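Analysis of the macromolecular model
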Amino acid sequence: MSAASGAQRQARAFSPASVGNVAVGFDILGHPLAGVGDTVTARRIDAPQVRIAAIRGAPFPLPLEAERNTAGAALLAMREALALPFGFEIEIDKGIALGSGMGGSAASCVAALVAANALLDAPLPRQALYPFALAGEAVASGGRHGDNLGPMLLGGLVLATADRLVRIPVPESWHSLLVHPEAVLETRRAREALAGSYELKEFVAQSANLALVLAGCHAGDVQLVRAGLRDVLVEPRRAPLIAGFDAAKAAALEAGAMGASISGAGPSVFAWFESRERAEGAAPAVQAAFAAAGFESQAWVSAVDSAGAVLL
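Just so we're clear, the structure is a prediction, and the values are computed from it rather than from any experiment.

Digging into the nonpolar core
In terms of nonpolar packing, the biggest core is built from 70 residues, with Met78 and Trp272 touching the most fellow members. Considering every element that reaches this core, the biggest residue donor is helix α2 (residues 104-117), with 10 residues. Residue contacts for Met78: discarding those within four places in its chain leaves Leu84, Phe88, Leu113, Ala116, Asn117, Leu120, Leu129 and Phe132. Of all hydrophobic cores here, the second largest spans 24 residues; its members include Val179, Ala239, Ala248 and Ala251.

And the structure:
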């Protein structure tokens, strides 16, 4: 790709937060969370490099070196794969709390790619950005998993394998409640809790639950989702790291949730409901459960089938 005289020189993109894993799809299933996210401004520069000019909104300094930053690493992967003769300079505005289980590192990564993609002479389809996003996510979490990246790139509920993204149809009326307690749980620490042995019957049960949820989404069958939206593999090992989790989950289920579990690596908790009204009605009880454990919290309600990243 050669630099074109009329090429766009600057673009801004917003990526929403996300609910990763969705209880039954560890590292492979996720959906966006409307109302909160990260924004990245990208500029096309003549120098063949990636520069991070500023990061705003983070409670502590994040790496400005491109290779150590999730957004920077993603753009480095894009430059190398496409053999671009030009580079990018970016500014990141964080809107997602760090260590929240809301896909903050993935959001910066995806917003940077969507903005930079608009500056190419021939922009790529969203699916083609996925390998670059995986390279960026690996810097932040230590693994190439797409459960947050997929829904941010495509919108809606997305099944993200190692090399492809599959959007799963979900009824428009279904909504997700996410409650984020004012606590931090580092992704790497949450992954360490998963070390150890597992029984084959646990994998069989989790596979069955994932199949029930996917079939329920395709059919719009609430009862199938209710039967399947239970994490028997990861949640039991991570729940002890989250003060107030058991009470928060119980409050969501008592309010009529189809299922509830940990969002991403935690400590946020999500729950699926058949309507926005039910999801909004459940929020006070879930927040009260965290308050009883000593944590203030924020709550968001959005359609499971909500939009992914957008150019601003």
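A closer look at the packing of α2 against helix α3 (residues 130-141)
Orientation of α2 relative to α3, taken along the N-to-C sense of each, is 145°, at an axis distance of 9 Å. Note that α2 runs across α3; the crossing there is right-handed. Counted together, Ser105, Ala106, Cys109 and Leu113 of α2 and Phe132, Ala133, Gly136, Glu137 and Ala140 of α3 form the full contact between these two elements. Tallied by class, the residues present in the contact of α2 with α3 amount to 6 nonpolar, 2 polar and 1 charged.

What to know about the pairing of strand β8 (residues 259-262)
As paired strands, β8 and strand β9 (residues 269-273) are joined by 4 bridges and run antiparallel to one another. In the sheet register, Ile262 faces β9, and the bridge partner there is Val269. Joining the antiparallel neighbours β8 and β9 is a turn of 6 residues, in which Gly264 adopts a positive phi near 60°.

Structural notes on the sheet that holds strand β10 (residues 297-303)
Spatially, 4 strands are ordered β8-β9-β7-β10 in an open sheet, and the strand pairing comes out antiparallel. Both edges of this open sheet fall to β8 and β10, since each of them pairs with a single strand only. Neighbour-to-neighbour, the strand axes of this sheet turn through a mean angle of 20°, independent of strand direction.

What about the confidence of the model for the protein?
For the protein, the mean per-residue pLDDT works out to 95, and 98% of the residues sit at or above 70. Confidence drops under pLDDT 50 across residues 1-5; counting only partners more than four residues distant or on other chains, this segment forms 13 contacts.

Looking at the packing of helix α1 (residues 70-82) against α3
Taken N-terminus to C-terminus, the directions of α1 and α3 make an angle of 145°; their axes are 7 Å apart at the nearest point. For the pair α1 and α3, the crossing hand works out as right-handed. Every residue of α3 that contacts α1 at Thr70, Ala73, Ala74, Ala77, Met78 and Ala81 is listed here: Phe132, Ala135, Gly136, Glu137, Val139 and Ala140. By residue class, the composition of the contact of α1 with α3 is 9 nonpolar, 2 polar and 1 charged.

About the thresholds
- Residues numbered from 1 in each chain as written.
- Predicted model: local features only at pLDDT ≥ 70, side-chain atom pairs only at ≥ 80, totals over all residues.
- Heavy atoms only, no water.
- Core = buried A, V, L, I, M, F, W, Y, C linked by side-chain atoms within 4.5 Å.
- Buried < 20%, exposed > 50% of the residue type's maximum accessible area, 1.4 Å probe, protein only.
- Helix = DSSP H or I, 4+ residues; strand = E, 2+ residues; numbered from the N terminus.
- Contact = heavy atoms within 4.5 Å.
- Axes fitted to C-alpha atoms, helices over the stretch in contact; angles between N-to-C directions.
- Left-handed = near helix turned anticlockwise from the far one by under 90°.
- Nonpolar A, V, L, I, M, F, W, Y, C, P; charged D, E, K, R; others polar.
- Pairing = 2+ DSSP bridges.
- pLDDT = per-residue confidence, 0-100.

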